[in-house]
Amino acid sequence: MNIHVVGGTPYVTASLTHNGKRLALDRVVLDTGSGGCVFSANELLQLDIVVERTDRLYKIAGVGGREFVFSRRLEGVAVGDMEVRGFEVQVGAMNYGFPVQGIIGLDFLLQVGAVIDLDRLELSERRSSRD
Amino acid sequence: MQWNEIRERYPGQWLLIDAVEAHSADNQRILDDVAVIQTFPDSVTAMARYQELHRRNPMLEMYVVHTDREVLEIGEIRWFGLRTAS
């Protein structure tokens, strides 16, 4: 999986599966500084994902604003060949002032053991075997 | 208003609310005073309105909630945010 650096921000393509549908998003920021994964509520409408009455809610507090997100367990989250089935993500407005459809955060990257190669601008699965 | 009062006044509805007063404790966000901005027939239109208002004022603390929810349980996540090279 190639990492594209645009305007100083690293992007990858993420593929989400849910409700028997598949959605590929190519404006997803690779962010080891974010604990979890966040995706745009507008994009996830395509997977019939909307906030439900009893979804877990969170407030994301950061620099430059605050937003609320809801939590949803997706059937699958994949970046290239790296897939996690049954993965919890946050869904929110993501009005950050530049085009972004999602964030791949540390929880996903740790779970797949991702190797971020900034020399070749490649994101790949762990090289070492680990049980 | 308190959440209990809001639930009584707007039963079975989707709301866009604003936290007039709130505080944080143990990674939870506790809303001490809540104002109802608007009611909606479904969560999709509520979410669209939220995004519109949030774009205009990202510092407002708003939530899309349904009054079937007995307690407003809101977790808190810290994120430093993205900084682009400029």
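It should be emphasised that the depicted structure is a prediction, and the values quoted were computed from it without experimental measurement.

A.B. asks: How should the packing of aromatic side chains be read in this particular structure?
C.D. replies: The way to describe two aromatic rings as a pair is by their centre distance and the angle between their planes. Taken as a whole, this structure holds 4 aromatic pairs over all chains when the rule is applied. Relative to Tyr50 of chain B, the ring of Phe68 of chain A lies with its centre 5.1 Å away and its plane at 75 degrees, an arrangement referred to as edge-to-face. Residue Phe68 of chain A is located in strand β6 (residues 65-79), and its partner Tyr50 of chain B is located in helix α2 (residues 43-56); the two belong to separate chains. For the pair Phe68 of chain A and Tyr50 of chain B, a shared accessibility class is recorded, and that class is buried. One aromatic cluster is present, built from ring pairs that chain together Phe68 of chain A together with Tyr50 and Tyr63 of chain B.

A.B. asks: Help me understand the pattern of salt bridges, please; the structure alone is not making it clear to me.
C.D. replies: One pass over the structure, following the stated rule, counts 11 salt bridges over all chains. Taking the shortest distance from any N to any O, the salt bridge between Arg120 of chain A and Glu122 of chain A comes out at 3.6 Å. A salt bridge links Arg49 of chain B to Glu52 of chain B; the nearest nitrogen and oxygen atoms lie 3.0 Å apart. Pair noted here: Arg49 of chain B and Glu52 of chain B are both in helix α2, with a separation of 3 residues, about one helical turn. With relative accessibility at 24%, the residue Arg49 of chain B sits in the partly exposed group. Overlapping salt bridges bring together Arg66 of chain A together with Arg29 and Glu61 of chain B as one network.

A.B. asks: Would you mind showing me how to read the interface of chain A and chain B here?
C.D. replies: How big an interface is tends to be expressed through the accessible area that disappears when the partners come together. Taken together, the contact between chain A and chain B spans 37 residues of the former and 31 residues of the latter. Of the roughly 3,100 Å² buried between chain A and chain B, counting both surfaces, carbon and sulfur atoms make up 58%. In this structure, the connection of chain A to chain B is made through 4 salt bridges. For the salt bridge of Arg56 of chain A with Glu73 of chain B, the shortest nitrogen-to-oxygen distance reads 3.7 Å.

A.B. asks: In this structure, what is going on with the nonpolar core? I would like to understand it.
C.D. replies: Across soluble globular proteins, nonpolar side chains show a tendency to be buried alongside one another. Within the largest apolar cluster, 53 residues are counted, with the highest numbers of intra-cluster contacts made by Phe39, Ile104 and Phe108 of chain A together with Val64 of chain B. The residues contacting Val64 of chain B, other than those within four sequence positions of it, are Val51, Leu57 and Phe68 of chain A together with Trp14, Leu15, Leu16, Ala46, Met47 and Tyr50 of chain B. Among the nonpolar cores identified, the runner-up in size contains 10 residues, and Tyr11, Val69 and Val100 of chain A together with Trp79 of chain B belong to it.

A.B. asks: Could you clarify how one ought to interpret the environment of Ala78 of chain A in this entry?
C.D. replies: Residue and element names in this part refer to chain A. Tracing the backbone through its elements, the reader meets Ala78 in strand β6. As for Ala78 and Leu47, which are separated by 31 residues in sequence, their C-alpha atoms are 15 Å apart. Ignoring anything within four residues of it in the chain, the contact list for Ala78 reads Thr13, Ala14, Ser15, Glu83 and Phe108.

A.B. asks: Please clarify how the pairing of strand β2 (residues 9-18) of chain A should be interpreted in this entry.
C.D. replies: Walk down a regular strand and you will see the side chains alternate between the two sheet faces. Residues and elements named next belong to chain A. In terms of burial, β2 is largely enclosed, as 8 of its 10 residues are buried. Across 3 bridges, strand β1 (residues 4-6) lies against β2 in antiparallel orientation. Residue Val6 lies in a different strand from β2, and its bridge partner there is Thr9. Counting the residues in the hairpin turn of β1 and β2 gives 2 residues, including Gly7, whose phi is positive at 60 degrees. The sheet contact formed by β2 and strand β3 (residues 21-30) spans 7 bridges and is antiparallel. Following the sheet pairing, His18 is matched in β3 by Lys21. The hairpin turn running from β2 into β3, its antiparallel successor, is 2 residues long, and Asn19 in that turn takes a positive phi close to 50 degrees.

Procedures and definitions
- Residues numbered from 1 in each chain as written.
- Chains lettered and ligands numbered in written order.
- Predicted model: local features only at pLDDT ≥ 70, side-chain atom pairs only at ≥ 80, totals over all residues.
- Heavy atoms only, no water.
- Phe/Tyr/Trp six-rings, centres within 6.5 Å; stacked < 30°, edge-to-face > 60°.
- Helix = DSSP H or I, 4+ residues; strand = E, 2+ residues; numbered from the N terminus.
- Buried < 20%, exposed > 50% of the residue type's maximum accessible area, 1.4 Å probe, protein only.
- Salt bridge = Lys/Arg side-chain N within 4 Å of Asp/Glu carboxyl O.
- Contact = heavy atoms within 4.5 Å.
- Buried area = accessible area lost by both parts, 1.4 Å probe.
- Core = buried A, V, L, I, M, F, W, Y, C linked by side-chain atoms within 4.5 Å.
- Pairing = 2+ DSSP bridges.

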